[in-house]
Amino acid sequence: MKLSYFYKQAVKLGSDRDPRKNRKKIVSYADTAILHGSPDKEIKKVLVGIDIEVAELLLADSIRSRYGLDLVLSHHPEGRAYASLSEVMQLQVDILKNAGVPVTLAQKFLDERKEEVSRRILPQNHTRPVDAAKLLDIPFICVHTPADNHVFWFMQQLLRKIRPKRVKDIIDILMSIPEYKEAAKESSGPRIILGSPNRETGKILLEMTGGTEGPKDVFDKLYKVGIRTLLSMHLSEEHFKKVKDANLNAVIAGHISSDTLGLNLLLDRIEKQAKEKLDVISCSGFKRISRN
């Protein structure tokens, strides 16, 4: 398949799994981009990692010289895609609105958080990996929110089907998924970080997509609208304290394992659409697990 086809399918399939109701209007994601390489490049062998920095690109160059390589795929955004990360956070408004938070309040909190994230990114030297890819002339792409949307959708369907009653039941659900089983082997499996395992889950909020962590001052509002448990990829210490103050249960599925799950689900669908299997080399925290 061509690189342009891969990119367009990533966006299209990612929009299919977007939490927003107006997903048909989505034509791109700011944190997903072809960072270097011709859109007409034919791709078969792909090095895939959660984080691709200069070291991984040098590794890719070595692999290319020995065995051949067509593309490097990073989950986390780099270059202009990283600089634009705050733009994809808007979808969090719909997640909060669906949880019961008034849309005006959700938008106010998110606007403040987007500005905070934008300020944090502003001084970063975000072009380093892209510059390396250009110097090495290695096709380079990042796919972030489309993959995270797949985790959100997958977990949402699973929770609706199984309906866990207690916090520990969420761990059991997660441990039935290969990516989380693999993470547990590396001592980074799912964990309950707030609340008793036998505590009732109540209404669960999924925090699996939307660029990065959302507003930290919304958790008490979530409690007021009936949310009792958060199921998140990760939670900063600052967010953790706010969640604790709001008396919510919190289950951390795992950052890298959740990212891996999302990429695997997306790659499965791209391969199915193209009727073509990619030769994937895993690195940087990623492990290819196919469900096709």
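Residues numbered from 1 in each chain as written. Predicted model: local features only at pLDDT ≥ 70, side-chain atom pairs only at ≥ 80, totals over all residues. Heavy atoms only, no water.

Engineer: What exactly am I supposed to notice about the environment of Gln-157 here?
Structural biologist: Relative to the helices and strands, Gln-157 is located in helix 7 (residues 145–162). On the accessibility criterion, Gln-157 (30% relative accessible area) is partly exposed. Remark: the alpha-carbon pair of Gln-157 and Arg-119, spanning 38 residues in sequence, is separated by 35 Å. (Helix = DSSP H or I, 4+ residues; strand = E, 2+ residues; numbered from the N terminus. Buried < 20%, exposed > 50% of the residue type's maximum accessible area, 1.4 Å probe, protein only.)

Engineer: Even after reading the chapter, I still don't get the packing of aromatic side chains, so can you show me in this structure?
Structural biologist: Any pair of aromatic rings gets described here by the distance separating the centres and the angle formed by the planes. This structure, assessed with the given rule, holds zero aromatic pairs. The side chain of Arg-17 reaches across the aromatic face of Trp-153, ending 3.7 Å from its centre. In this structure, Arg-228 packs its charged tip against the face of Tyr-223, placed 3.7 Å from the ring centre. (Phe/Tyr/Trp six-rings, centres within 6.5 Å; stacked < 30°, edge-to-face > 60°. Lys NZ or Arg CZ within 6 Å of the ring centre and 35° of its normal.)

Engineer: Where do I start with the packing of helix 1 (residues 3–16) against helix 7 in this structure?
Structural biologist: Angle between the axes and distance between the axes: these two values describe a pair of packed helices. Axis separation between helix 1 and helix 7 bottoms out at 8 Å; the angle between their running directions is 35°. Note that helix 1 runs across helix 7; the crossing there is left-handed. Across the interface between the two elements, Ala-10, Leu-13 and Gly-14 of helix 1 pack against Pro-146, Asn-149 and His-150 of helix 7. Its residues placed into classes, the contact of helix 1 with helix 7 shows three nonpolar, three polar and no charged. (Axes fitted to C-alpha atoms, helices over the stretch in contact; angles between N-to-C directions. Left-handed = near helix turned anticlockwise from the far one by under 90°. Contact = heavy atoms within 4.5 Å. Nonpolar A, V, L, I, M, F, W, Y, C, P; charged D, E, K, R; others polar.)

Engineer: What am I meant to see in the sheet that holds strand 5 (residues 191–194) here?
Structural biologist: Through backbone hydrogen bonds, the strands of a sheet pair up, either in parallel or in antiparallel fashion. The strand order across the open sheet built from four strands is 5-8-7-6, with neighbouring strands paired in mixed fashion. The open sheet terminates on both sides in strands that have one partner only, identified here as strand 5 and strand 6 (203–207). Ignoring which end each strand starts from, the neighbouring axes of this sheet average 25° apart. Pairing between strand 5 and strand 8 (residues 249–252): three bridges, direction antiparallel. Its bridge partner being in strand 8, Arg-191 is matched across the sheet by Ile-252. Where helix 7 meets the sheet, its contacts fall on strand 6 and strand 7 (227–232), and the angle it forms with strand 6 comes to roughly 165°. (Pairing = 2+ DSSP bridges.)

Engineer: Looking at this structure, how should I read the sheet that holds strand 9 (residues 279–283)?
Structural biologist: What the five strands build is an open sheet, ordered 1-4-3-2-9; its pairing is mixed. If you trace the sheet from one side to the other, it starts and ends with strand 1 (33–36) and strand 9, each paired once. The average undirected angle you get between the axes of adjacent strands in this sheet is 25°. Of the pairings in the sheet, the one linking strand 3 (residues 71–74) to strand 4 (residues 140–142) comprises three bridges and is parallel in character. The partner of Leu-73 across the bridge, within strand 4, is Ile-141. Where helix 2 (residues 54–67) meets the sheet, it contacts strand 2 (45–49), strand 3, strand 4 and strand 9, and its direction lies at approximately 160° from that of strand 2.

Engineer: Looking at this structure, how should I read the nonpolar core?
Structural biologist: Inside soluble globular proteins, nonpolar side chains tend to come together where they are buried. In this structure, Leu-174, Met-208, Phe-219, Leu-222, Leu-230, Leu-231 and Val-243 are the most contacted members of the largest nonpolar core, which totals 48 residues. When near neighbours in sequence (up to four residues on either side) are disregarded, Leu-222 contacts Leu-96, Ala-99, Val-101, Leu-205, Ile-227 and Leu-230. (Core = buried A, V, L, I, M, F, W, Y, C linked by side-chain atoms within 4.5 Å.)

Engineer: Would you take a moment to explain helix 6 (residues 128–136) for this structure?
Structural biologist: It helps to recall that an α-helix has 3.6 residues per turn; residues three or four apart then point in one direction. Among all positions of helix 6, only Pro-129, Val-130, Ala-132 and Ala-133 are buried. The arc that holds every buried residue of helix 6, seen down its axis, measures 160°, which confines them to one face. For helix 6, the elements touching its buried residues are strand 1, helix 2, helix 3 (79–83) and strand 4. Downstream of helix 6 by a residue or two, Asp-137 has a phi angle that is positive, lying close to 55°. (Arc of directions from axis to C-beta.)

Engineer: Which parts of the structure should I look at to understand the environment of Val-151?
Structural biologist: Note that Val-151 resides in helix 7. When near neighbours in sequence (up to four residues on either side) are disregarded, Val-151 contacts Tyr-180, Met-208, Met-233, Ser-258, Leu-261, Gly-262 and Leu-265.

Engineer: Quick question: what am I supposed to make of the pattern of salt bridges here?
Structural biologist: Two side chains with opposite charge may pair up if their charged atoms get near one another. Evaluation of the coordinates by the stated rule reveals 16 salt bridges. Its salt-bridge partner being Asp-18, residue Arg-20 comes within 2.8 Å of it at the nearest N-O pair. Taken as a pair, Arg-20 and Asp-18 share a single burial class, namely buried. Notably, a salt bridge pairs Glu-271 with Arg-288, separated by 3.2 Å at the nearest N-O pair. (Salt bridge = Lys/Arg side-chain N within 4 Å of Asp/Glu carboxyl O.)

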